[in-house]
Each structure stands twice: as C-alpha cells, then as structure tokens.
Amino acid sequence: MNKLLRTGLYLTTVTLVTASCQPKSPKDQNLSTEPQDTVSARYTAPVDSGYAAVNGLNLYYEVYGQGKPLVLLHGSFMNIPLNWGHIIPLLATDRKLIVPEMQGHGRTRDIPRELSYEGMADDVSALLTHLDIDSADILGYSMGGGVAFQTAVRHPEQVRRLVILSGTYTHDGWWPDVEASFGTFTADMFEGSPIRTQYDSLGNDPAHFPEFVKKVIGIDLKPYDWSADVKNIQAPIFMAIGDADGVQYEHALELFRAKGGGKMGDIHGLPKSRLAILPGTTHIGMMQRTDWLIPMITDFLDSDLRSNPPTF
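So, here is what we can say about the structure in this document. (Residues numbered from 1 in each chain as written. Predicted model: local features only at pLDDT ≥ 70, side-chain atom pairs only at ≥ 80, totals over all residues. Heavy atoms only, no water.)

Some remarks on the pairing of strand β5 (residues 136–141)
If a strand is regular, its side chains alternate between the two faces of the sheet.
Thought 1: Of all six residues in β5, six are buried; the element is thus mostly enclosed.
Thought 2: Relative to β5, strand β3 (residues 68–73) is paired through four bridges, and the arrangement is parallel. Looking at β5, one finds that leucine 72 is bridged to leucine 139.
Thought 3: Bridging between β5 and strand β6 (residues 159–165) involves five bridges; their strand directions are parallel. Bridge pairing in β6 places glycine 140 opposite isoleucine 164.
Thought 4: For the crossover that starts at β5, traverses helix α6 (residues 143–154) and ends in the parallel β6, the hand is right-handed. (Buried < 20%, exposed > 50% of the residue type's maximum accessible area, 1.4 Å probe, protein only. Helix = DSSP H or I, 4+ residues; strand = E, 2+ residues; numbered from the N terminus. Pairing = 2+ DSSP bridges. Right-handed = clockwise from strand over helix to strand, strands pointing away.)

Quick word on the sheet that holds strand β7 (residues 237–244)
Thought 1: With respect to topology, eight strands assemble into an open sheet ordered β1-β2-β4-β3-β5-β6-β7-β8, the strand pairing being mixed. Two strands lie at the open edges of the sheet, namely β1 (48–54) and β8 (274–282), each paired on one side alone. When strand polarity is set aside, the average angle formed by the axes of neighbouring strands in this sheet is 20 degrees.
Thought 2: Sheet strands in contact with α6 are β3, β5 and β6, and its direction is about 155 degrees off that of β6.
Thought 3: Packed onto the sheet, helix α11 (residues 249–258) meets β7 and β8 and runs at close to 160 degrees relative to β7. (Axes fitted to C-alpha atoms, helices over the stretch in contact; angles between N-to-C directions. Contact = heavy atoms within 4.5 Å.)

Some details on the pattern of salt bridges
For side chains of opposite charge, pairing can occur when their charged atoms come near one another.
Thought 1: Under the defined criterion, the tally for this structure stands at 14 salt bridges.
Thought 2: Residue aspartate 200 pairs with arginine 196 through a salt bridge whose shortest N-O separation is 3.2 Å. Here arginine 196 and aspartate 200 lie together in helix α8 (residues 194–201), a separation of four residues that amounts to about one turn.
Thought 3: Classification of aspartate 200 by relative accessible area gives partly exposed; the value is 29%.
Thought 4: By relative accessible area, arginine 196 is classed as buried at 13%.
Thought 5: Its salt-bridge partner being aspartate 299, residue arginine 274 comes within 2.7 Å of it at the nearest N-O pair. Here arginine 274 is found in strand β8, whereas its partner aspartate 299 is found in helix α13 (residues 290–302), with 25 residues between them in sequence.
Thought 6: Its relative accessible area of 43% is what places aspartate 299 among the partly exposed residues.
Thought 7: Among the charged side chains, a network of salt bridges with common partners joins Glu62, Glu101 and Arg107. (Salt bridge = Lys/Arg side-chain N within 4 Å of Asp/Glu carboxyl O.)

Next comes the structure, spelled out in structure tokens:
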C-alpha cells in the first residue's frame, strides 16, 4: 500500500475515535423533549459493572439503564467509551444496555486463544447467561456486527432482534479496496491516536500493542462466508450502511431480499426485517448519525413489525 493510503487509513482511525469522544451538537442528539444534559447526566455512570468469567476469559462489561435488554458490541480496536460514549445516553433512557469489551479490547485482557467472530459470539452468549438474561436485542457495529451475526447463528434462542451497523457476513462484503487494505494495518499507524492512548491507560502492556493489532486485524484476513446461516436467522434484522461505507450495497441488499425485502410493501406487505442506506454517510460517519440512527433503531426494536401496509 502506498504512503498516501496508509496515511489516510491512519487519519480515518483517529477521526473515528476522536469524533466518538466529542460532545455532539443538539441536532445530533435523540429527538427527546427532555434537556439533553439531563439525560446524559442521568446515564453517565453504569448501574453495574464487573468481570464475567466466560470461556477462560475475564470479560469486562458495564450495564446502563433499565428496561428491555440491548447488547452493544463495539468495532475493532475500540472499547466502551470510544465506541459508545455518545450513544449510551441516547439508548439508556428506557432500555437496559449491556456493553462488553471483547477479547483483548479495553479492560478485557487477551488470553492465548484465537480471536474469532465465533469465539466472541460465544462470549456474548455466556455473558447473558452470567447476567441471568434469557434473551436480548443485539446491536453490533463493524466488527461487532460480525459478532452479532454469529451470536444469532450460534445462539438463536438468546437473540430477539438484531441491529447491524456497517457490518458484513462474508469477507468480500467489503468493497475490494477496503478488504485489500486490512493486510496493511500495523501498530505504527496508531501511534499518537486515542486508540493507542486508551490501550495503554487501561492497564494493558504497551509492549503487547503490536500483537494486539495483528491479532485483531487477523480475523478479517481469513476468508469467511456465513451467507446460508445468516439468511436462516429467524430473528428480525435491521441492517444499516452508509452510501459511502466500506460495505457494498449489494451485500446488504442480498440479505434484505433473503429476509423478505425487495418487494413493494403496498402490494406484498412489509417484511419484518429492515434496511437503511444513509445518505452522505461513511463507515466512520455511521457512528455520528445519531439523529437518524437512534429513532430508526428504537422504532425497529419497539415496533410490533406487523406486515400490514399503511393506507390513505
């Protein structure tokens, strides 16, 4: 990869984590009549946190709010504050958010175990059992979307509804240049970034960081294709990508058609699953579109998903 593209990928990563940590303007917040600072103040601190001994791993997690359980699964290299700091206050108003940090990420120490979507999905399942939660809605972003897909495939009885933000179910669901870029990631690209700073500050061994980067990106260097299993998921799926995302449109459309989409709803009725392609939105920008995403997510999770089309 040329130097310019390497620099672009580095700046992309820094932009993501920096933007995620910045306070949002009022137009980017949930459309609530309650002052946003009141909502944020109420849900800044978790109501519970700790470590769950699952599958040989001490999995760190935090719990926010009360209500129907919703699991939030972060993207590659991320942790709770970097990925979800600005999202948690908007979703915890009437939901119980379960927010883990996956193997090797944040405060969950790595173990001598292969990092895989399947293994992380099993960790999510075990965490729900640890918390005595029979089933939950699962929301995953990017890498977390892959973990969410596998959680629904491997543990369907624990998944009520599935929300996938900029995630894929095959290795070639990414645009070809995006997939090709994964093999060029190095620890040096993160020097001076919030990702590196938080990795060190959360008690991880700084000398382990290059191995962490190599291990995390390694899950996307191996071909995978879960098409058949994902299309057979019984839980309703809401998949959202940006029109300038790293995920190919056809990839999202293929799943939506398999779940009953691709037909005129006024004639055939509405499918239980949903698809959104957000305009003017990149892979990184997806996590900044809270003014659009939060209402769509909450409507999907709260709706009775009746197939009857609207009438005049």
